[in-house]
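Listed below are the residues making up each chain.
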Amino acid sequence: MDRKLKDLVIENSDTIVQMWLDEISKGRQSDYTSTISEELFESTNREFVNVIFASVEKQGITTALEDFSERLVNLGWPLSYLTDGLQSFRRVTINYILSEQTQVGSDYFSEVLQAVDNWVDPIINKLVNEYSGSWEHIVSLQRVALQELSAPLIPVMENITVMPLIGTIDTERAKLIMENLLDGVIKHNAEVVLIDITGVPVVDTMVAHHIIQAAEAVRLIGSTCILVGIRPEIAQTIVNLGIDLSKFPTKSSLRKGFQSALELTNRKIVGTADSHENDIEQLVDSLDRE
Amino acid sequence: MDFQSCVNINKEWDIVGARQIGRDFARKIGFGTVDQARIATAISELARNIYLYAGTGKICFETIEEIDRKGLVILAVDDGPGIAEISKVMEDGYSTSGGLGAGLPGVKRLMDEFDIISEQEKGTEIKAVKWVR
Ligand SMILES: Nc1ncnc2c1ncn2[C@@H]1O[C@H](COP(=O)(O)OP(=O)(O)OP(=O)(O)O)[C@@H](O)[C@H]1O
Ligand SMILES: [Mg+2]
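None of these values were measured; they are calculated from a predicted model.

Trainee: How should I be thinking about the overall build of chain B in this particular structure?
Mentor: Across its full length, chain B holds four helices and five strands. Along the chain direction, N to C, the helices and strands of chain B fall in the order β-α-α-β-β-α-α-β-β. The C-alpha radius of gyration computed for chain B amounts to 14 Å, which stays within 12% of the reference 14 Å derived for 133 residues, consistent with globular compactness. Its C-alpha atoms give chain B principal-axis dimensions of roughly 40 × 25 × 25 Å. Summed over its atoms, the accessible surface of chain B is roughly 6,700 Å², and 46% of this surface lies on carbon and sulfur atoms. Counting 17 positive and 21 negative side-chain charges, chain B places the averaged centre of each group 6 Å from the other.

Trainee: Would you take a moment to explain the domain arrangement of chain A for this structure?
Mentor: By a widespread convention, an interface's size corresponds to the accessible area lost as its parts come together. Split by domain assignment, chain A resolves into domain 1 (2–147) and domain 2 (154–264). On a C-alpha basis, the centres of domain 1 of chain A and domain 2 of chain A stand 55 Å from each other.

Trainee: How should the sheet that holds strand 5 (residues 250–251) of chain A be read in this particular structure?
Mentor: In a beta sheet, neighbouring strands are held together by backbone hydrogen bonds and run either parallel or antiparallel to one another. All names here are of chain A. Pairing within the open sheet is mixed, and its five strands lie in the order 1-2-3-4-5. Each edge of the sheet is formed by a strand with only one pairing partner; in this case those strands are strand 1 (154–157) and strand 5. Note: strand 2 (residues 160–166) against strand 3 (residues 192–199), six bridges, orientation parallel. Note on strand 3: the bridge partner recorded for M163 is I195. Docked against the sheet, helix 8 (residues 205–220) engages strand 3 and strand 4 (224–228), running at close to 150° with respect to strand 4.

Trainee: Any chance you could explain a nonpolar patch on the surface here in plain terms?
Mentor: A cluster of nonpolar side chains, contributed by I154(A), V156(A) and M157(A), occupies part of the molecular surface with about 220 Å² of accessible area. Structurally, I154(A) can be placed in strand 1.

Trainee: Would you explain the sheet that holds strand 3 (residues 70–78) of chain B in this entry?
Mentor: Residues and elements named next belong to chain B. A sheet is described by the order of its strands in space; here five strands give the open sequence 1-2-3-5-4, paired in antiparallel fashion. In this open sheet, the two strands that pair with only one neighbour each are strand 1 (5–9) and strand 4 (113–119). Strand-to-strand twist in this sheet, taken as the mean axis angle between neighbours without regard to direction, amounts to 15°. Both strand 2 (residues 57–65) and strand 3 contribute to a ladder of nine bridges, which runs antiparallel. Bridge pairing in strand 3 places I59 opposite A76. Packing of helix 2 (residues 33–54) onto the sheet brings it into contact with strand 1, strand 2, strand 3 and strand 5 (123–131), and relative to strand 3 it is tilted by some 10°.

Conventions adopted
- Sequence order as written defines residue numbering, which begins from 1 separately in each chain.
- Whichever chain is written first is A, and whichever ligand is written first is 1; the rest continue in order.
- Predicted model: local features are reported for residues with pLDDT of at least 70 only, side-chain atom pairs are reported and counted for 80 or more only, and whole-chain, interface and lining totals are derived from all residues.
- Only hydrogens and water are removed before side-chain values are computed, so all heavy atoms of the structure are retained for them.
- Secondary structure elements are taken from DSSP: a helix is a run of H or I of four residues or more, a strand is a run of E of two residues or more, and numbering for both begins at the N terminus.
- Note that the radius of gyration is over C-alpha atoms, with the globule rule given as 2.2 Å times the number of residues to the power 0.38.
- Surface accessibility follows the Shrake-Rupley procedure with a 1.4 Å probe radius. Residue values consider only the protein chains on display as shielding.
- His is not counted here, nor are the chain ends, while Lys and Arg score as positive and Asp and Glu score as negative.
- All charge positions are set by atom: Lys at NZ, Arg at CZ, Asp at CG, Glu at CD.
- The source of the domain bounds is an automatic or database domain assignment.
- For two strands to count as paired, DSSP must find a minimum of two bridges between them.
- Two residues qualify as a contact provided that any one of their heavy atoms is within 4.5 Å of a heavy atom in the partner residue.
- Axes here mean lines fitted to C-alpha atoms, for a helix over just the part in contact, with angles spanning 0 to 180 degrees between N-to-C directions.
- Patch membership requires over 30% relative accessible area and the absence of a salt bridge. Like charges are linked within 9 Å, and nonpolar side chains (Val, Leu, Ile, Met, Phe, Trp, Tyr) within 5 Å.
- The rule for a salt bridge is simple: a side-chain nitrogen of Lys or Arg has to be within 4 Å of a carboxyl oxygen of Asp or Glu.

Given below as structure tokens:
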């Protein structure tokens, strides 16, 4: 039975392909594929339907199908293109087989449904797995990338290290900040470490608590932690929350914090060019007056 | 009151989602940057308390308009363990989780109005309002 149906479908593949293409193009108007060029859409459809037929014929997943789905994943085509396409294929094929029969008994009907399901379902499963596998892969790569970015330490000069924090801090990241901070202070032999929170959107009690703990831990290993980049609105919310940051030094900007760090390590910035700078200042002043 | 917009709190990153929606509301209503930061922080505290102590719950937002003023209502609802002594948790520094214990008293100071209803074993409902100045 399955054999006979398969022969019927394969012999008439041209008709079924045409029906399928018509249906796919009809559904195209307002959906996700509307940004894809006409030629690409058509050539992809042709390739897709050939791959489906090859799989049906070989009774299993072919390398052509694997290559095809891998390519679509990489190009970022939506999974729904493939699942919708296969659902149409199911509908079109069933309609075709049934229309070839003058009288359709319920037994025959259910056998046809069964047979077509057996062709289509493995392909759908394969494609869904392929897609979700690649998403999981991407998510795990991004997680690693984020982790690498989440608590960087920059040894700007002898004994002074900066940790710029950008973005939301969740508990996982807060732990990383603590670990990297302590490791880094020891590794770079930092006397002063500046934590820059300019890029942290919200400083709530959890974030404040972790920063306080990190600063305290840095103090315990004999270094000083300066919190910099406190934007005015963050300063106000911290005060409203009633959080006491008086135990360790804070500065509004990284620049001011860096100056304190230099003082703490008994250094200062000395200009080398003398007259030049004055010339430029005078020039700027005279421009201002005009 | 009929709330237009709610965010379910199930995992830690939902706190960030609630904060973003709250900030959008605040911006549209016309709050300045400082008040937007206050509102986002208050949402963060309430959402994190739900996540930590009740497990799941939701944060809802509603704009209120009266003849002479406009504001934002934040409602935090959960059916967690509830709070036994409300006067205690409103003290600065009281925490059962080793936190700073600054969350709830902080929210009260960040916002203009603050109401808390809680029943043990039933859950907690906190309503906070901020008016545009
Ligand atoms: N939704 C809630 N359900 C049950 N208990 C709660 C809830 N919210 C707060 N609590 C209780 O109230 C206490 C005080 O909360 P509060 O937010 O002020 O401080 P905290 O969460 O302990 O620390 P943090 O300063 O980090 O917020 C909590 O420790 C907890 O026991
Ligand atoms: Mg709290």
